[in-house]
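Overview (structure and organization)
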Amino acid sequence: QVQLVESGGGLVQAGGSLRLFCAASGRTFSRYGMGWFRQAPGKEREFVAGISGSGGSTYYGGSVKGRFTISRDNAKNTVFLQMNSLKPEDTAIYYCAAALTGYYNSHPGEYDYWGQGTQVTVSS
């Protein structure tokens, strides 16, 4: 069983930055592929970014590429999402997820564990 807890969300003005954190339980964190997803009201869950277990490979959704950066610290069982140049359309609940395959995937169904989410609101 893996527990994921997100933090770092909040209210920010357009053009600002936020850093999200996802803390994971368990001793084998480095084996998990990790992903960040988001869901806005009335919309489907959207892939934001993914990172392999080693951290050596990353992938981004088209709407955030060049603005967001995913990283991880396996010694601290934590994955990060640095969000820069935020836009009002980035407003959503952000979720982190863990894939036991050790690799990331853009499909929510490929992830085995999910956090509760953290709200990000970007004002115009």
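Described in the following lines is the structure provided in the data block. (Residues numbered from 1 in each chain as written. Predicted model: local features only at pLDDT ≥ 70, side-chain atom pairs only at ≥ 80, totals over all residues. Heavy atoms only, no water.)

It is worth spelling out the sheet that holds strand β3 (residues 18–24) at this point. Strand order in the open sheet made by the 4 strands is β1-β3-β8-β7, with antiparallel pairing throughout. Unpaired on one side and paired on the other, β1 (4–7) and β7 (68–73) mark the two borders of the sheet. Direction aside, neighbouring strands of the sheet carry axes that sit 15 degrees apart on average. Here β1 runs beside β3; their pairing, made up of 4 bridges, is antiparallel. Following the sheet pairing, L4 is matched in β3 by A24. (Pairing = 2+ DSSP bridges. Helix = DSSP H or I, 4+ residues; strand = E, 2+ residues; numbered from the N terminus. Axes fitted to C-alpha atoms, helices over the stretch in contact; angles between N-to-C directions.)

Looking now at the environment of Q82. Locating Q82 in the fold gives a position in strand β8 (residues 78–83). Separated by 37 residues in the primary sequence, Q82 and Q119 have C-alpha atoms spaced 15 Å apart. Apart from residues lying up to four places away in sequence, Q82 is in contact with S17, L18, R19, R67, F68 and T69. A polar contact is formed between the side chain of Q82 and the side chain of R19, at a distance of 3.4 Å. Separated by 2.9 Å, the side chains of Q82 and N84 make a polar contact. (Contact = heavy atoms within 4.5 Å. Polar contact = N/O pair within 3.5 Å; in protein donor to acceptor, adjacent residues only side chain to side chain.)

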